[in-house]
Structure formats: C-alpha cells, structure tokens
Amino acid sequence: FFRLWFGNWIWTYDMDNSGKTFFGIFDASSKSEPVSAEDIVMPKRLILTGGGKRSIFEKGTPSFDECYKSLVSLSSEIGFSDAKSSSATKEEFESALKSQSVFLDFGSAYGKELLSFVGEDLPAYATDCILLTPGDAVIRKVIVYFKDSVSGEIYKITSDIPSTSVTDLIESHITAGAAQNIPFAFELGFDKAKTQETGDISHNILLDSYITIGLADENVKSLEVGIPSLFTEITYNPSVSDKIVSLFGFSPTSTRRYVEKDDVTAFVNKNGTIKFSKNGILEYTAENEGISITNSGGKSAAALGNIYSLIQNVMINCGAHEMQLHIASDLHGIANQNFSAVINIDYLINGKSVTIVDGESAVHPITIKIENGSIVSYKHYVYKFAQSSDTVNTSSMIKAVDLLYSQFENSADSVNVLDLYKSYVYNTNGDISILWCAQLKDHGEINIIRE
C-alpha cells in the first residue's frame, strides 16, 4: 500500500518524472512552481497523537511541510504487499488511534481502480486515511491500518521496521507547548445519537467519527484578495486570453468574440463557449462531446492527470499559479476511460480551504464536469489570495456544533456531518470572512454556519 502512495509515479501527463516518487515530487520550499497532481492528492492533514495530546498539521502550513519530510523518510523504509494484509476491527483501529499514532487524513476517498493503475490490487474498494502505529510491546513492529471508505471494513499490515521509527517521529514533532487536548468525535460520543427516556432523539447532529473537535478559539490570519489583470483587460484587449482559449481547443483566430452584459467576454465556436467575467470567473461549456481527457485505452487515473495539467496551465496564464490546491470530491467507481464524474477542487491557504459565495450559492473554487471521459463544463473562480498581517479570532468547533444544532433543531431526522471545518468564505461582491462550514452526508452543497 505504501509503495502505491509513496514509491510510484501515479500520474502520467507531460512532466519529467525521472527519479521522482509520490512523496518526493512535493517540494514545499518551491512555491513559484505550478501545483502538481501529486500535491493535490497528498494528505490534507497529519494528526500526531502521543503523551495524551495531539498535534494537527494542516497542508499548506510550514509545520505540515516539516512533518511531511520526516514521513517521507519513514515511508522509504516500509515495504509490503497486499498478501500481508488482514482484517481488523473498528475497536482495534480506534484504540490504536487513541494511543501513539500518525493519522494521514486525505480529506477525500480514492478508489481501488485509481490505485490499481500502477499495477497493484488492494483489498479496500476506496480509502481516505492511513494510520501508522508502533504496534504492541510484544511485536514491536510498525502496524499500518487503512479504512475502506465505502464498506467501513478495516485492514492492517504489519511491517518489518521497528516501532521506534514511528515513536521517534511522533516525539520529534509533538512538543509540550504545541500539543493540545483535541479529541476525535468518537471519543466524545458525538458520532452516536442520544435519546431521551421517552425515546425521542435529543441530539440529532451526528459527526463523522474521525472529525477532530477543537475545544479552543483560534486566531486566524485574514486574507487579501486580488483578481488577475487578465479579467479586467479582456474587454478592450481580447487577445490577452488567447493562450487560455487555446487550452480548451479554441483557435484564437477563428473564434467569434463578443461582450455580453456586465462586461462578460464570450468566445464561441461550434464546439462550445468560453466566458470571462470581470469578477474573475472563467467558465467553459461544451456544445458537443466536450474535451477528451483520455487516450485510446487510457485509464481514469491518467485522465485526472490531464485535468490537473489543464488547471495548472489556466492558473499559470492568469498569474495565479502559486495557489495550493486540494481535491474535494471522492473519486471511486470510475474504473474505465469513459467515466463520468463531477470533480470539485479547493484552494488551500494557511491550511484552510476557500469557499466561494456566488449569489445565493456556496461553491468550490473549481468545478469540472466529466461525461464519457470528456470535459463538458469547467468553472473556475480565478483569484489570487495573500495572507495579511491582520488576525481574526474564530470560535471553537463546539460553538459551531451548537450553531449547527440550532439550525436543524426542528428536523425530525438526524443530520450526518461528514466534515466540519474552518474556511475562508469569499463573496464575489468582494467581502471575505472566516466561518465554519459543514459538509452534510445527504446534501451536496456546502453549508455555511453563521451566527
């Protein structure tokens, strides 16, 4: 399993992959380079537990980069095959999680068909996390757990490396001052409904078992937002967009151009429409079959590499390529080249995602719709964000849970929360704030929690 994630080149779009590994392609010190697909599918968080305390390292922060490099070194020592895997219970998994452990939270589930692209076969249909533990005092070998995100089954593999490899990593990154009392939802019973004596549900907000519950308020740096100059110049100089238009298969010389109301510049040909809004929105809509992202005999994993290559080139030509990205959609059940899916991608800044509010809707910064292996729509809110010197005090997650409960207190059914997270919320009218957001199991939209 580790060879799949950390030792192979999974994506196959145009890039010099000589000598690269899954972990090694990530260079946190080089922010001038465009984001890579490998960067997008790396863990969203690293959660280290030791000495009764926890430290959380969020992708996009210096502390994450430092811990991640240590994990790179550890992963190079681990080698095992699917044949060594065995089943484990949820109780065993959670017991290991509460003791000394390193929890890799990917934020989304990646399917078996994507992992099998590199020629391996895993017992899990899809997985969204990995757990490394030092094992027990008898075996004294590192044990790795991974959870099937669809079936809920837990699998474990006992490695050949000593338990000190994990304990040393934990001790080197958990310091007394930084570690806190941060329980998981299952440790507080927030993942189970509570009933009154009458049998009525008294607690109808159910959190995913592995959401971490921050008990303290936090000071978060605010952001400054800029719209790339391309979007303000295009109305009187359409040629500034020629490179981007070409990325979608449009010929700049033979494509009809016109300006709609609200200074939206449209490019139209027989294959579709591309629109540039003055407030930084790029939108492509196919007229026919769309833009193919799979070659003959290709796989969905390679197609995803092509998607991220397109995103990179759009951001480079807009001058916004320093943004860090993370995939916000589960990717499983897309086993062949003619797959269909909706793929959402987030910006990550200082470990926090960015949510866009456009009119009445809260959306992800990038949304791509695939049908039969071709892009039929692409919507990208192209902004440049930079941290400011100002900080904002934000409430604890307990407060967010209370507000969410108030929002759904009249609901007859339990509300299942897949994720609860702090996000920079940017309104296309120019306002930006830091708010709690919830991803609900039975709702596709982002639920912004407001007081």
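Everything below is about the structure printed above this text.
Because the structure is a prediction, the values reported are computed rather than measured.

Along the chain, the regular secondary structure elements total eleven helices and 26 strands. Here the chain holds 451 residues, and the buried ones make up 51% of them. A separation threshold of at least 6 residues defines the contact pool for the chain, and within that pool the share at least 24 residues apart is 63%. In the form shown here, the chain has an accessible surface area of approximately 19,800 Å², with 45% of it arising from carbon and sulfur atoms.

Right, let's talk about the nonpolar core for a bit. One finds Phe-248, Phe-276, Leu-282, Ile-311 and Tyr-378 to be the most contacted residues of the largest nonpolar core, which totals 76 residues. Examining the composition of this core, we find that nine residues originate from one element, helix H10 (residues 300-318), more than from any other. Counting residues in each nonpolar core, the second largest holds 18 residues, with Phe-190, Val-401, Leu-404 and Ala-438 among its members.

This paragraph deals with the side chain of Asp-148. Mapping Asp-148 onto the fold places it in strand E6 (residues 141-148). A distance of 2.9 Å separates a polar side-chain atom of Asp-148 from the backbone nitrogen of Val-150.

Before going further, it helps to spend a moment on unusual backbone geometry. The backbone of Asp-262 sits at a positive phi, close to 60°, despite the residue not being glycine. The topology assignment puts Asp-262 in the loop between strand E12 (256-259) and strand E13 (265-269). With a phi angle near 50°, Asn-372 is a residue other than glycine that sits in the positive phi range. Along the polypeptide, Asn-372 turns up in the loop between strand E21 (366-371) and strand E22 (374-381).

So, about helix H4 (residues 90-98). In an α-helix, one turn spans 3.6 residues, which is why side chains three or four residues apart end up on the same side. Where H4 is concerned, the buried positions are Phe-93, Glu-94, Ala-96 and Leu-97. Buried residues of H4 fall within an arc of 160° about the axis and therefore sit on the same side.

Here the focus is the sheet that holds strand E4 (residues 101-111). The seven strands are arranged E2-E1-E4-E5-E6-E7-E3 in an open sheet whose pairing can be described as antiparallel. The open sheet has two edge strands, strand E2 (53-58) and strand E3 (85-88), and neither has a second partner. This sheet shows a mean twist of 25° between the axes of neighbouring strands, independent of strand direction. Inspection of the sheet shows E4 paired to strand E5 (residues 126-133) by six bridges, in the antiparallel sense. Within E5, the residue paired with Leu-104 across the bridge is Ile-130. Contacting strand E1 (45-50), E2, E3, E4, E5, E6 and strand E7 (154-162), H4 crosses the sheet at an angle of about 55° to E5.

This next bit is on the environment of His-364. Locating His-364 in the fold gives a position in the loop between strand E20 (361-363) and E21. As a C-alpha pair, His-364 and Ile-345 span 19 residues in sequence and 6.3 Å in three-dimensional space. Not counting residues within four places of it along the chain, the set of residues in contact with His-364 comprises Ala-328, Asn-344, Ile-345, Asp-346, Tyr-381 and Ile-446.

Attention now moves to the pairing of E22. E22 sits mainly inside the fold: six of its eight residues count as buried. Bridge count for strand E15 (residues 281-286) against E22 is five bridges, and the pairing is antiparallel. In the sheet register, Leu-282 faces E22, and the bridge partner there is His-380. By the bridge criterion, two bridges tie strand E16 (residues 291-292) to E22 in an arrangement that is antiparallel. Note on E22: the bridge partner recorded for Ser-292 is Ser-374. Linking E21 to E22, which pair antiparallel, is a turn of two residues; within it Asn-372 sits at a positive phi near 50°.

Scoring rules and cut-offs
- Residues numbered from 1 in each chain as written.
- Predicted model: local features only at pLDDT ≥ 70, side-chain atom pairs only at ≥ 80, totals over all residues.
- Heavy atoms only, no water.
- Helix = DSSP H or I, 4+ residues; strand = E, 2+ residues; numbered from the N terminus.
- Buried < 20%, exposed > 50% of the residue type's maximum accessible area, 1.4 Å probe, protein only.
- Contact = heavy atoms within 4.5 Å.
- Areas by Shrake-Rupley, 256 points an atom, 1.4 Å probe, with all protein chains shown as cover.
- Core = buried A, V, L, I, M, F, W, Y, C linked by side-chain atoms within 4.5 Å.
- Polar contact = N/O pair within 3.5 Å; in protein donor to acceptor, adjacent residues only side chain to side chain.
- Arc of directions from axis to C-beta.
- Pairing = 2+ DSSP bridges.
- Axes fitted to C-alpha atoms, helices over the stretch in contact; angles between N-to-C directions.

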